[in-house]
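# An overview of the molecular structure
The lines below spell out each chain.
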Amino acid sequence: MELKYNYLINEKTVLFYGVIHKNGELFTFVIDGDDMFLVAMPPVKLIDKSLMSYGSNLKGALKSSQLLLGKKRKMYPIKIDASLNIWLFPTKSYKKENCVWFALNHVRNTQPRGVKLTKVFLSNRHTIEIVMKESAFRNKCRQTEELKGMITHNTKNSVNILTEPKKGFMIVEKKGTYKCKTLGRTEIM
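Since we're looking at a predicted model, the values are computed, not measured.

Parameters at a glance
- Residues numbered from 1 in each chain as written.
- Predicted model: local features only at pLDDT ≥ 70, side-chain atom pairs only at ≥ 80, totals over all residues.
- Heavy atoms only, no water.
- Helix = DSSP H or I, 4+ residues; strand = E, 2+ residues; numbered from the N terminus.
- Buried < 20%, exposed > 50% of the residue type's maximum accessible area, 1.4 Å probe, protein only.
- Contact = heavy atoms within 4.5 Å.
- Areas by Shrake-Rupley, 256 points an atom, 1.4 Å probe, with all protein chains shown as cover.
- Pairing = 2+ DSSP bridges.
- Axes fitted to C-alpha atoms, helices over the stretch in contact; angles between N-to-C directions.
- Arc of directions from axis to C-beta.
- Patch = residues over 30% accessible without salt bridge, like charges linked within 9 Å, V, L, I, M, F, W, Y side chains within 5 Å.
- Salt bridge = Lys/Arg side-chain N within 4 Å of Asp/Glu carboxyl O.

### Things to note about the overall build of the protein
For the protein, the helix and strand inventory stands at three helices and 13 strands. The proportion of buried residues among the 189 residues of the protein is 37%. Long-range contacts, defined here as pairs at least 24 residues apart, represent 42% of the contacts in the protein between residues at least 6 apart. In the structure as shown, the protein presents an accessible area of about 12100 Å², 53% of it carried by carbon and sulfur atoms.

Here it is as structure tokens:
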């Protein structure tokens, strides 16, 4: 299997999880479009590296999800990049080696295969069976959709009025303080 040293989570990333490589290190098995390969770093490092490339980090992404979704939940989904439609959710605690991370936009359907076994149908005709109740998996999808909806709403509904201001301000630094001038009046800020 191909081993990559430089990889970022992207819009083609379907899923990934940790595997112990022959050298004993934790690497990441990735399905990316029609390809599968190993990335020479643990899943958490791959997520953090990808987030940093998109202008965030794992700690910030988790904190944001917790703030938006509420503190009563566990195993929060995260936004990698909204403009690329990359939203991930874990099947277990992200600290566990056998945690599978799914990209929401690649999940097509699910099917129960037993009490605690679920078959997940993904884009590109991929499937995976995971030890998890189907209802729990669907709940994780819903939480991720909820996070996506909240962030999308917040970013699309921010006030962006582009009008020419009626008056301007001139701020000048003098002797270590700033003076703000407007309409012939001077104030120290």
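Don't stop here, the text continues.
### Regarding the sheet that holds strand S9 (residues 117-122)
In spatial order, the strands read S8-S9-S10; together these three strands make up an open sheet with antiparallel pairing. Both edges of this open sheet fall to strand S8 (107-114) and strand S10 (127-130), since each of them pairs with a single strand only. Averaged over neighbouring strand pairs, the angle between their axes works out to 20° when direction is ignored. Across four bridges, S9 lies against S10 in antiparallel orientation. The residue bridging threonine 118 from the neighbouring strand is isoleucine 130, located in S10.

### Observations concerning helix H1 (residues 43-53)
When we look at burial in H1, the residues that qualify are Pro43, Leu46, Ile47, Ser50 and Leu51. The arc that holds the buried residues of H1, viewed along the axis, is 130°, so those residues lie on one side. Opposite the buried face of H1, at more than 90 degrees from it, the exposed residues are Lys45 and Met52. Those residues of H1 that are buried are in contact with strand S2 (13-20), strand S3 (26-32), strand S4 (35-39), helix H2 (58-69), strand S5 (78-81) and strand S7 (100-103). One or two residues past the end of H1 sits glycine 55, with phi positive at roughly 100°.

### Focus: unusual backbone geometry
In this structure, asparagine 85 is a non-glycine residue whose phi angle is positive, near 60°. Among the secondary structure elements, asparagine 85 is positioned in the loop between S5 and strand S6 (86-90). Of note, asparagine 124 is a non-glycine position whose phi angle comes to about 60°, a positive value. Looking at the secondary structure, you find asparagine 124 in the loop between S9 and S10.

### Considerations on a nonpolar patch on the surface
A cluster of nonpolar side chains, namely Phe169, Ile171 and Tyr178, defines an oily patch on the protein surface of about 360 Å² accessible area. Tracing the backbone through its elements, the reader meets isoleucine 171 in strand S11 (residues 170-174).

### Some points on the pattern of salt bridges
Scanning all chains against the criterion turns up three salt bridges. Ionic pairing is found between lysine 12 and aspartate 32, a salt bridge with its closest N-O pair at 3.8 Å. Remark: aspartate 32 occurs in strand S3 and lysine 12 occurs in the loop between strand S1 (3-4) and S2; sequence separation between them is 20 residues. Arginine 113 is paired through a salt bridge with glutamate 129; the nearest N and O atoms lie 3.4 Å apart. With arginine 113 in strand S8 and glutamate 129 in strand S10, this pair connects stretches of sequence that are 16 residues apart. Assessed through its relative accessible area of 43%, glutamate 129 is described here as partly exposed.

### Things to note about the pairing of S4
Note on strand geometry: in a regular strand, side chains alternate between the two faces of the sheet. Relative to S4, S1 runs parallel, the two being bridged by two bridges. By the bridge assignment, lysine 4 is partnered in S4 with valine 39. Bridge count for S3 against S4 is five bridges, and the pairing is antiparallel. Opposite phenylalanine 29, over in S4, you have leucine 38 as the bridge partner. Between the end of S3 and the start of S4, which pair antiparallel, lie two residues, with glycine 33 showing a positive phi angle near 60°.

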